[in-house]
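# Structural overview for review
These are the residues of each chain, in order.
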Amino acid sequence: TEPGGLADAVGDAFGAFELTVTGAVDASDFDFISEKMPALRSLDLGGAVISAYDGAPTLTGRTSSPANVLPDCALMLPQLKQLALPADLEAIGDGALGGSGITDVVIPAGVKSIGVSAFAECKSLKAISVPESVGTLGAGAFKGCTALSTAVIQAAVPEVPDELFMGCVGLAEVQVPPTVKAIGNDAFNGCLSMSAFVFPTSLVSIGDRAFYGSGIATADFGVCSNLKSIGGWAFADCNSLATVDFNPS
């Protein structure tokens, strides 16, 4: 394909279940997929490159989108189950896959940014790994992913953003990097299956309602000599919480 040429290359694809793209696409091509391929279950963009877009308003009202970025709200497709992202992808836009039906996804190693609510409400997503290359992680990126059971953040991010895993009731195992200094508001709010969490030694602050209603059983801050503040209602309604250990500092 050439940028903006997916519609011509594919033609009438109303009943198509699978699509493999090789070549270049842009924001207008994602509009075509969203509007004209309602039966699509599998999308392979592993051999595709996302080009910059500058033209008529897309479905989101945007008139431009940078290269190597999955555009905002590009694939909010509940019927989409399988997805391979472009190997050269550098960023995932706000809400890019929000509400999609994907069960798993590999975030390419070169991705530097994951937008706000990028994977929010992906009810079938079971596991996620954020690669080391990511420097920016948006608020609520995985909010409401109710089937999510495992999450690993390999990136050396300074904080767990607000609402990152809010409402992820199935999240049982989560790993955050030792670089984390702040856990944002509502970051793990409602994570009922999360019985254990390792608090980083570098932690300085925990936001409001950060672990509200979670399944955490022990809050061990013994190694957190830099911890200065714990927000309002941070551990409220944690019915399994049995032990809290504060550092003398």
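That block above? That's the structure.
Cut-offs and rules
- Residues numbered from 1 in each chain as written.
- Predicted model: local features only at pLDDT ≥ 70, side-chain atom pairs only at ≥ 80, totals over all residues.
- Heavy atoms only, no water.
- Buried < 20%, exposed > 50% of the residue type's maximum accessible area, 1.4 Å probe, protein only.
- Helix = DSSP H or I, 4+ residues; strand = E, 2+ residues; numbered from the N terminus.
- Contact = heavy atoms within 4.5 Å.
- Pairing = 2+ DSSP bridges.
- Phe/Tyr/Trp six-rings, centres within 6.5 Å; stacked < 30°, edge-to-face > 60°.
- Core = buried A, V, L, I, M, F, W, Y, C linked by side-chain atoms within 4.5 Å.
- Salt bridge = Lys/Arg side-chain N within 4 Å of Asp/Glu carboxyl O.
- Disulfide = S-S within 2.5 Å.
- Patch = residues over 30% accessible without salt bridge, like charges linked within 9 Å, V, L, I, M, F, W, Y side chains within 5 Å.
- Areas by Shrake-Rupley, 256 points an atom, 1.4 Å probe, with all protein chains shown as cover.
- Lys, Arg positive; Asp, Glu negative; His and termini not counted.

### Description of helix α2 (residues 27-36)
Those residues of α2 that sit buried are Ala27, Asp29, Phe30, Asp31, Phe32 and Ile33. Residues of α2 that are buried make contact with α1 (6-10), β1 (18-25), β2 (42-50), β3 (53-54), β4 (64-65) and β5 (69-70).

### Comments concerning the sheet that holds strand β14 (residues 182-183)
Pairing in this open sheet of four strands is parallel, and the strands run β12-β14-β15-β17 from one edge to the other. Two strands in the sheet have a free side with no partner beyond their single neighbour: β12 (159-160) and β17 (229-230).

### Re the packing of aromatic side chains
Scanning all chains against the criterion turns up 13 aromatic pairs. Judged by centre distance (6.4 Å) and plane angle (55 degrees), the rings of Phe199 and Phe235 are tilted. Here Phe235 lies in the loop between β17 and β18 (243-245) and Phe199 lies in the loop between β14 and β15 (205-206), a separation of 36 residues in the sequence. Comparing Phe199 with Phe235 shows no difference in burial state: the two are buried. With centroids separated by 5.6 Å and ring planes inclined at 40 degrees, the aromatic side chains of Phe221 and Phe246 adopt a geometry described as tilted. Highlighted residues: Phe221 in the loop between β16 (218-220) and β17 and Phe246 in the segment after β18, separated in sequence by 25 residues.

### Section: the pairing of strand β9 (residues 127-130)
Only one face of β9 is buried, namely the one carrying Ile128 and Val130, since none of Ala127 and Ser129 on the opposite face is buried. Pairing of β9 with strand β11 (residues 150-153), which is carried by four bridges, proceeds in the parallel orientation. Considered in β11, the bridge of Val130 is made with Ile153.

### Quick word on the nonpolar core
Formed by 73 residues in total, the largest nonpolar core has its most connected members in Phe119, Phe165 and Phe199. Elements with a contribution of two residues or more to this core: β1, α2, β2, β9 and β11. The biggest single contributor to this core is β2, with four residues. When neighbours within four sequence positions are excluded, Phe199 is seen to be in contact with Ile183, Ile206, Phe211, Ile216, Thr218, Ala219, Asp220, Phe221, Val223, Cys224 and Phe235.

### As for the pattern of salt bridges
Between side chains of opposite charge, a pair can form when the charged atoms approach closely. In total, this model carries four salt bridges according to the counting rule given. A salt bridge links Arg62 to Asp72; the nearest nitrogen and oxygen atoms lie 2.8 Å apart. Here Arg62, found in the loop between β3 and β4, pairs with Asp72, found in the loop between β5 and β6 (82-84); they are 10 residues apart in sequence, far enough to count as distant. Look at Arg62 and you get partly exposed, because its relative accessible area is 45%. As a salt-bridge pair, Arg209 and Asp186 come within 2.9 Å of each other at their nearest N and O atoms. One end of the pair, Arg209, is in the loop between β15 and β16; the other, Asp186, is in the loop between β14 and β15, with 23 residues separating them in the sequence.

### Considering the state of the cysteines
As used here, a disulfide is simply a covalent bond connecting the sulfur atoms of two cysteines. If you walk through the whole model with that rule in mind, you get zero disulfides. Left unpaired, Cys191 is separated from the closest cysteine sulfur, that of Cys168, by 5.4 Å. The structure places no disulfide on Cys238, whose sulfur is separated from the nearest cysteine sulfur, that of Cys191, by 10 Å.

### What about the environment of Val157?
If you trace the backbone, Val157 turns up in the loop between β11 and β12. Accessibility expressed as a relative area gives 3% for Val157, which makes it buried. Once the C-alpha coordinates of Val157 and Lys181 are considered, the two residues, 24 residues apart in sequence, prove to be 8.9 Å apart. Contacts of Val157, omitting those with residues within four sequence positions, involve Val134, Gly135, Pro177, Thr179 and Val180.

### Points about a nonpolar patch on the surface
The grouping of Ile230, Val244 and Phe246 at the surface amounts to a nonpolar patch, some 270 Å² of accessible area in total. Take Val244: it is sitting in strand β18.

### A word on the side chain of Asp29
Tracing the backbone shows Asp29 in helix α2. We note that Asp29 is buried and unpaired, the nearest opposite charge coming from Lys36 at a distance of 13 Å. Aside from chain neighbours lying at most four places away, what touches Asp29 is Glu2, Pro3, Gly4, Gly5, Leu6, Ala7 and Ala24.

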